[in-house]
Amino acid sequence: MTSALEKNRPGAAFAFDNSYAGLPQRFFAAQVPTPVAEPWLIKLNEPLAAELGLDVETLRRDGAAIFSGNLVPEGAQPLAMAYAGHQFGGFSPQLGDGRAILLGEVVDRSGRRFDIQLKGAGPTPFSRRGDGRAALGPVLREYMISEAMFALGIPATRALAAVTTGEPVYREEVLPGAVFTRVAASHIRVGTFQFFAARGDTDGVRALADYVIDRHYPTLKEADNPYLALFEAVSERQAALIARWLHVGFIHGVMNTDNMTISGETIDFGPCAFMDAYDPATVFSSIDQHGRYAYANQPAIGQWNLARLGETLLPLIDAEPDGAVDKANGVIRAYGERFQAHWLAGMRAKIGLAGKEDGDLELVQALLSLMQAQGADFTLTFRRLSDLTGDDALETAFAASFREPDSCGTWLAQWRERLSRDRQSDGERAAAMRSVNPAFIPRNHRVEQAIEAAVENGDFSLFEALLRVLANPYDDQPDFAPYSEPPKPHERVLATFCGT
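Since we're looking at a predicted model, the values are computed, not measured.

A. How the structure looks around the domain arrangement of the protein. The domains assigned to the protein are domain 1 (20-187) and domain 2 (191-349). One C-alpha centre belongs to domain 1, the other to domain 2, and the line joining them spans 23 Å. Roughly 3,200 Å² is buried in total at the junction of domain 1 and domain 2, and carbon and sulfur atoms are behind 62% of that figure. Broken down residue by residue, the surface that domain 1 buries against domain 2 is led by Arg26, His86 and Phe88, which jointly contribute 21%. For the pair domain 1 and domain 2, the interface holds five salt bridges.

Here is the structure:
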């Protein structure tokens, strides 16, 4: 066991510049990580560490101790953040970081501020009788999915490191313990605002809103109504984010208000997954018994969550209650149009349309309906469509995505007729489409295979291989072609599980 002296030995890996710790005490609880027995560094994201301006050599040497919580670096101010949240529609007035500890903040080489947070570093005052620990499987899942999202160009928290602890965690079975180090523009959530609003703490809501504006939306300080402008800005980011999820077939799985960031990043990769065969009703999360967070429900849930944020901001938006409600409702109503604009723009790009015509929505919807009826793989269908240039072999490959290959003939004719009115060469269109239609996603069966090999056999080779593939999702990567293929019937993953 690491001694208390070693635990507090200064480390020079980080140049912390903490701001959240300067907020009032009721915003968080100071909390030092709990030491573990035998930490071992599984993975250090060296490119990210360098981008953040961290001392990579020090992290190579001391990373196991730092990222397990055994060594608290100099300048860190460890804390657990307070927040509330609606979980599957039911409100919990106090949740908070039950197994996460914010070490502090760093400013990267581009002047951007980021949180450095440990997940699974021991209990906090918000643990609600939990052990504050994480199992190896969920840690590896979050590492792989968050880095895949980044490579796909979707705003998301990042993975800095993963370590094993040398200690077991007890869930339905005994599992190896691990700690995940997460990087985020911030960890402030809709639920953070709800925490103060639920207590009637308008001063707390105002202090939080001012902090968020300073940190994430500084130009809004000059707005006529900064708090209404903040609500509009968060709504815009969420509309754009969720549209991007749908463009790659991503299903978050637990879109509770405590899992929705104010910064507009994807956060908390628990029972998340990517669709194989297209079906808008797809649900993977084992705890989503009624499909609340199904693929096609995500835009509406985003709007519902934003409404909860709006409720917390009402006293700041307008001192007159009816006026505040009217203004907030205007933002909520506009969200639908914002989302639809982002989604349709992305879908136009996915099918290679350079311009805009009134019938484009119907053309997109016709393809999606065909894909659903024919059990077509979401990712492969769009990738193969990207390569259609009149080559019979390529068209055969595209048609093979459908249960009945001849079923796509009518749609292809309509598509080509529409393309004829776009001033774009085949080569230009193919390149543009390939830049938005990935060849590789974190296929659920591949993720599970990597996790099983690591947990059951201590073999991290599949984890490393998958990370290499996912780092370049828009490249063909012939050597890794099998990673682009959908699962065979016996490989299908039908349920995913929360890591708590």
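Now that the structure has been shown, we can carry on.
B. Representation of unusual backbone geometry within the structure. Even without glycine at this site, Phe88 takes up a positive phi of about 55°. In this structure, Phe88 sits in the loop between strand E4 (85-87) and strand E5 (90-92). Positive phi is not limited to glycine here, since Asp268 has a value of about 65°. By the element assignment, Asp268 lies in the loop between strand E11 (250-251) and strand E12 (273-274). The exposure class assigned to Asp268 is buried, which follows from its relative accessible area of 15%.

C. Layout of the UniProt feature "active site" (unreviewed entry) in the protein. The UniProt entry lists Asp258 under the feature "active site" (unreviewed entry), expressed in the numbering used here. Tracing the backbone shows Asp258 in the loop between E11 and E12. With a relative accessible area of 6%, Asp258 lands in the buried category. Here Asp258 is in contact with Tyr83, Ala84, Gly85, His86, Gln87, Leu95, Arg189, Gly191 and Asp268, once residues within four sequence places are set aside.

D. Structural detail: the side chain of Asp422. In this structure, Asp422 sits in the loop between helix H13 (409-419) and helix H14 (426-434). Judged by relative accessible area, which is 12%, Asp422 ranks as buried. Polar contacts involving the side chain of Asp422 include one to the side chain of Arg418, which spans 3.3 Å. Beyond its immediate sequence surroundings of up to four residues, Asp422 is in contact with Gly352, Leu353, Ala354 and Gly355.

E. Broad picture of a negative patch on the surface. Side chains of Glu172, Glu173, Glu452 and Glu456 sit close together on the surface and give a patch of like negative charge. In this structure, Glu173 sits in the loop between strand E9 (158-170) and strand E10 (174-184).

F. Focus on the pairing of strand E6 (residues 100-107). The element E6 is extensively covered by neighbouring structure, given that seven of its eight residues are classed as buried. Pairing of E6 with strand E7 (residues 113-119) involves seven bridges; the strand directions are antiparallel. Its bridge partner being in E7, Ala100 is matched across the sheet by Lys119. Here E6 folds back onto E7, and the loop between the two strands holds five residues, one of which, Gly111, carries a positive phi near 85°.

G. Highlighting the UniProt feature "binding site: Mg(2+)" (unreviewed entry) in the protein. Here the UniProt feature "binding site: Mg(2+)" (unreviewed entry) sits at Asn259 and Asp268. Residue classification places Asn259 among the buried residues on the basis of a relative accessible area of 14%. In this view, Asn259 contacts Arg189, His252, Val254, Ile267 and Asp268; residues no more than four positions away in its chain are not counted. Sequence-distant contacts of Asp268, defined by excluding residues within four places in its chain, comprise Lys119, Glu142, Arg182, Arg189, His252, Asp258 and Asn259. Among the polar contacts listed, one links the side chain of Asp268 to the side chain of Arg189, at a separation of 3.0 Å.

H. Highlighting the nonpolar core. Residues Tyr20, Phe193, Leu385 and Trp415 are the most contacted members of the largest nonpolar core, which totals 122 residues. No other element matches the 13 residues that helix H7 (residues 226-247) contributes to this core. Taken domain by domain, this core gets at least three of its residues from each of domain 1 (20-187) and domain 2 (191-349). The residues touching Tyr20, leaving out its near neighbours within four places in the chain, are Phe27, Phe28, Leu79, Met81, Glu105, Ile188, Thr192, Leu208 and Tyr211. Counting residues in hydrophobic clusters, the runner-up holds 28 residues, among them Leu48, Val72, Ile101 and Phe114.

I. Up close: the environment of Gly153. Position of Gly153 among the secondary structure elements: in the loop between helix H4 (136-152) and E9. Given a relative accessible area of 38%, Gly153 falls into the partly exposed group. Each C-alpha atom, one on Gly153 and one on Ala277, is 22 Å from the other, the two residues being 124 residues apart in sequence.

J. Structural view of helix H11 (residues 378-386). Counted residue by residue, H11 has eight buried out of nine residues, so it is predominantly covered. The set of residues buried in H11 consists of Phe378, Thr379, Leu380, Thr381, Phe382, Arg383, Leu385 and Ser386. Those residues of H11 hidden inside the fold are in contact with H7, helix H9 (321-350), helix H10 (360-374), helix H12 (392-399), H13 and H14. Residue Asp377 occupies the N-cap position of H11, its side-chain oxygen lying 3.3 Å from the main-chain nitrogen of Thr379.

K. Local environment of the packing of aromatic side chains. As enumerated under the stated definition, the model contains 22 aromatic pairs in all. Geometrically, the ring pair formed by Trp411 and Trp415 is stacked, given 5.9 Å between the ring centres and 15° between the ring planes. Separated by four residues within a single helix, Trp411 and Trp415 lie in helix H13, roughly one turn from each other. Like Trp415, Trp411 is buried. Relative to Tyr483, the ring of Phe480 has its centre 5.8 Å away and its plane inclined at 70°; by these criteria the two rings are edge-to-face. By relative accessible area, Phe480 is classed as partly exposed at 23%. Residue classification places Tyr483 among the buried residues on the basis of a relative accessible area of 14%. Through a chain of ring-to-ring contacts, the aromatic side chains of Tyr20, Phe27, Phe28, Phe195, Phe196 and Tyr211 assemble into a single cluster. Between Arg446 and the ring centre of Tyr483, over which it is positioned, the NZ or CZ distance is 4.3 Å.

The rules behind each value
- Residues numbered from 1 in each chain as written.
- Predicted model: local features only at pLDDT ≥ 70, side-chain atom pairs only at ≥ 80, totals over all residues.
- Heavy atoms only, no water.
- Domains from an automatic or database assignment.
- Buried area = accessible area lost by both parts, 1.4 Å probe.
- Salt bridge = Lys/Arg side-chain N within 4 Å of Asp/Glu carboxyl O.
- Helix = DSSP H or I, 4+ residues; strand = E, 2+ residues; numbered from the N terminus.
- Buried < 20%, exposed > 50% of the residue type's maximum accessible area, 1.4 Å probe, protein only.
- UniProt positions renumbered as here; feature names shortened; annotations may be inferred.
- Contact = heavy atoms within 4.5 Å.
- Polar contact = N/O pair within 3.5 Å; in protein donor to acceptor, adjacent residues only side chain to side chain.
- Patch = residues over 30% accessible without salt bridge, like charges linked within 9 Å, V, L, I, M, F, W, Y side chains within 5 Å.
- Areas by Shrake-Rupley, 256 points an atom, 1.4 Å probe, with all protein chains shown as cover.
- Lys, Arg positive; Asp, Glu negative; His and termini not counted.
- Charge placed at Lys NZ, Arg CZ, Asp CG, Glu CD.
- Pairing = 2+ DSSP bridges.
- Core = buried A, V, L, I, M, F, W, Y, C linked by side-chain atoms within 4.5 Å.
- Phe/Tyr/Trp six-rings, centres within 6.5 Å; stacked < 30°, edge-to-face > 60°.
- Lys NZ or Arg CZ within 6 Å of the ring centre and 35° of its normal.

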